[in-house]
Amino acid sequence: MTNLPVSSKRPVRVALLLDSFTEPKWVFNIIKDIQSSAIAEICLVIKNETTVEPLGRLRSYWKNRSYLLYSFYNRVDGRVRLAEENAFEEMDLQPLLPDVPVLRIMPIMKKFSDWFPPEAIEEISRYDLDVALSFGFRILRGDALRIAKHGVWSYHHGDNLVNRGGPPGFWEVLEESPISGAVLQVLSEDLDNGQVIDRSWTRTIDRFSVKGSKNNLYWRASAFVMRKLRELYEHGEVSSEPNLFRPYYKRLHKMPTNAQLLPKLCKLSLNYAATQIRYKFFFDQWSLAYRFRTSADDPNNSFYRFNYLIPPKDKFWADPFAVRHEGKYFVFFEEFLYKENKAHISVIELSKSGAGESRPVLKRDYHLSYPFMFRWNDRHFMIPETAANRTVEVYGCEAFPDEWRLETVLFEDVAARDATLLEADGLWWMFVAMADTGFSDELHIYYGESPFGPWKPHKLNPVKSDVRNSRPAGKPFYWNGDLYRPAQDSSRRYGYGMRINKVVRLTPTEFIEEEVAQVLPQWRKDLRGTHTLNICEDLTVIDCLIHRRR
């Protein structure tokens, strides 16, 4: 597909391909965002006029008799309560499209594919479309794929490198895949090999509910369309993945038969029961671990050697950041009180002889965590995560380590998590996880001439959208002259592990990093996770999710 420039900054002209004017809420929100933007406009609806004769209940049961267990699972799963708003709530699109012309088409249907009649193609060409968004029809063929300059864009809710077919979001749960993928592609004659223009991997957040995991996946992927329309508007083209030779070696996933589903549901039920029983007697608690290196040659990276700081059972400690002040080491961390369901920032002094008493140093009416520490102009500063307040706030130290005052607010009305700064090559860089969902696994970068901004967005934002290797996991550090960035791996559960990346290139228009190591919670039998690593001279601190008896 050749990307032709959009002329003279006119709004991107978009057509919708629909089977119905009643669509799920994730589609409704995409259309609402387009209509309320200044960069794109919906100028045509292409409505599928194909009708399907409904079967009677008995005939329907008989026709689908091999899939009754799948239908039963969906009914039970449909009762699951969602942590976020329901992406599949049915919504009426017509209030969003009051003056948009509707072209009703009866496609030419062959097996599983649809062709548009020549007269429909001619009518569509009069609208001079830039993009067509497909939320309807079956597999499009022929000239229907060429009705817009930049093609027909379509979602595939699954990682098309490892999971083709459907039902979307289903097999990731039933086959216990830790991650779920989604792509936005430009359709081609080969259904599964369209040009991928956006991709994301997120955690399969509910190991027992397809509904819960699909809901998160669909909301995450819903951001793709506006992101790529904005790119098209600003640059006249959209970037895409390189066209590499990538064989697909797994089976084509289909709706499961009763025989296929029964053993998997039995296993799922047993796992669910075992989990419920286990957590009646045990719980997971974040704790801290640390070690001082013994020589200049000691990398201090063997975690089985670390000392542990285990909090009382009514709280947890996480996100440690170490600071050396006047020859002493202090660790600032998130202290979460279960009773209050909220955290503040506390500090503890560490030395080779042991740890002092912890004490709170910063409390707010909203949740605080991830107290990123930096020093500038001979002062200590802290950027705690304040996503609960939809801000990124900087606090300056008035009297170390106990007194902190709000210095400035860098961002407002954003869901920003784990803001992490770095000074390199004459600029300040901010790595931060941005997302309006509860699971922030998309990495954004900003840059400026000082830690107080003004901050400019990186050209490639989000520079990464992968739950395994995006969200910051501590302060970047240098080792043997190379820059390394720790990132969270929340694929199996939130805070499961970390990835260590070597930053190869960082400019306002480029970002390249290479994964060099994994940090998995395997050095103790009772570990369930680890998601923060920080190094301050001779001291290295991490956090550990420990499985404890109640």
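Structure: above.
Residues numbered from 1 in each chain as written. Predicted model: local features only at pLDDT ≥ 70, side-chain atom pairs only at ≥ 80, totals over all residues. Heavy atoms only, no water.

The next subject is the overall build of the protein chain. For the protein chain, the helix and strand inventory stands at 8 helices and 35 strands. Compactness check: the protein chain gives a C-alpha radius of gyration of 26 Å against a globular reference of 24 Å for 550 residues, within 12% of the reference. With respect to the principal axes defined by its C-alpha atoms, the protein chain has extents near 80 × 60 × 45 Å. Buried residues in the protein chain amount to 54% of all 550 residues. Taking the contacts inside the protein chain whose residues are at least 6 apart along the sequence as the reference set, 60% of them involve residues at least 24 apart. For the protein chain, the distance from the average position of its 75 positive side-chain charges to the average position of its 72 negative side-chain charges is 7 Å. (Helix = DSSP H or I, 4+ residues; strand = E, 2+ residues; numbered from the N terminus. Rg over C-alpha atoms; globule rule 2.2 N^0.38 Å. Buried < 20%, exposed > 50% of the residue type's maximum accessible area, 1.4 Å probe, protein only. Contact = heavy atoms within 4.5 Å. Lys, Arg positive; Asp, Glu negative; His and termini not counted. Charge placed at Lys NZ, Arg CZ, Asp CG, Glu CD.)

Secondary-structure assignment places Tyr73 in helix H3 (residues 68-77). Contacts of Tyr73, omitting those with residues within four sequence positions, involve Phe170, Phe208, Ser209, Val210, Leu265 and Leu268. For Tyr73, the side chain forms a polar contact with the main-chain oxygen of Phe208, separated by 3.3 Å. (Polar contact = N/O pair within 3.5 Å; in protein donor to acceptor, adjacent residues only side chain to side chain.)

Attention now moves to the packing of aromatic side chains. Two descriptors summarise a pair of aromatic rings, namely the distance from one centre to the other and the angle between the planes of the rings. This structure, assessed with the given rule, holds 32 aromatic pairs. With 5.3 Å between their ring centres and 20° between their planes, Phe374 and Phe381 make a pair best called stacked. For the pair Phe374 and Phe381, a shared accessibility class is recorded, and that class is buried. Here the guanidinium or amino end of Lys9 rests over the ring plane of Tyr233, the centre of that ring lying 5.1 Å away. In this structure, Arg524 is placed above the aromatic ring of Tyr308, and the distance from its NZ or CZ to the ring centre is 4.3 Å. (Phe/Tyr/Trp six-rings, centres within 6.5 Å; stacked < 30°, edge-to-face > 60°. Lys NZ or Arg CZ within 6 Å of the ring centre and 35° of its normal.)

With that out of the way, let us pick up the pattern of salt bridges. Tallied over the entire structure, the rule returns 41 salt bridges. Here Glu398 makes a salt bridge to Arg405, at a shortest N to O gap of 3.3 Å. Look at Glu398 and you get partly exposed, because its relative accessible area is 44%. Classification of Arg405 by relative accessible area gives partly exposed; the value is 41%. In this structure, a network of salt bridges that share partners links the residues Arg10, Asp128, Asp130 and Lys149. (Salt bridge = Lys/Arg side-chain N within 4 Å of Asp/Glu carboxyl O.)

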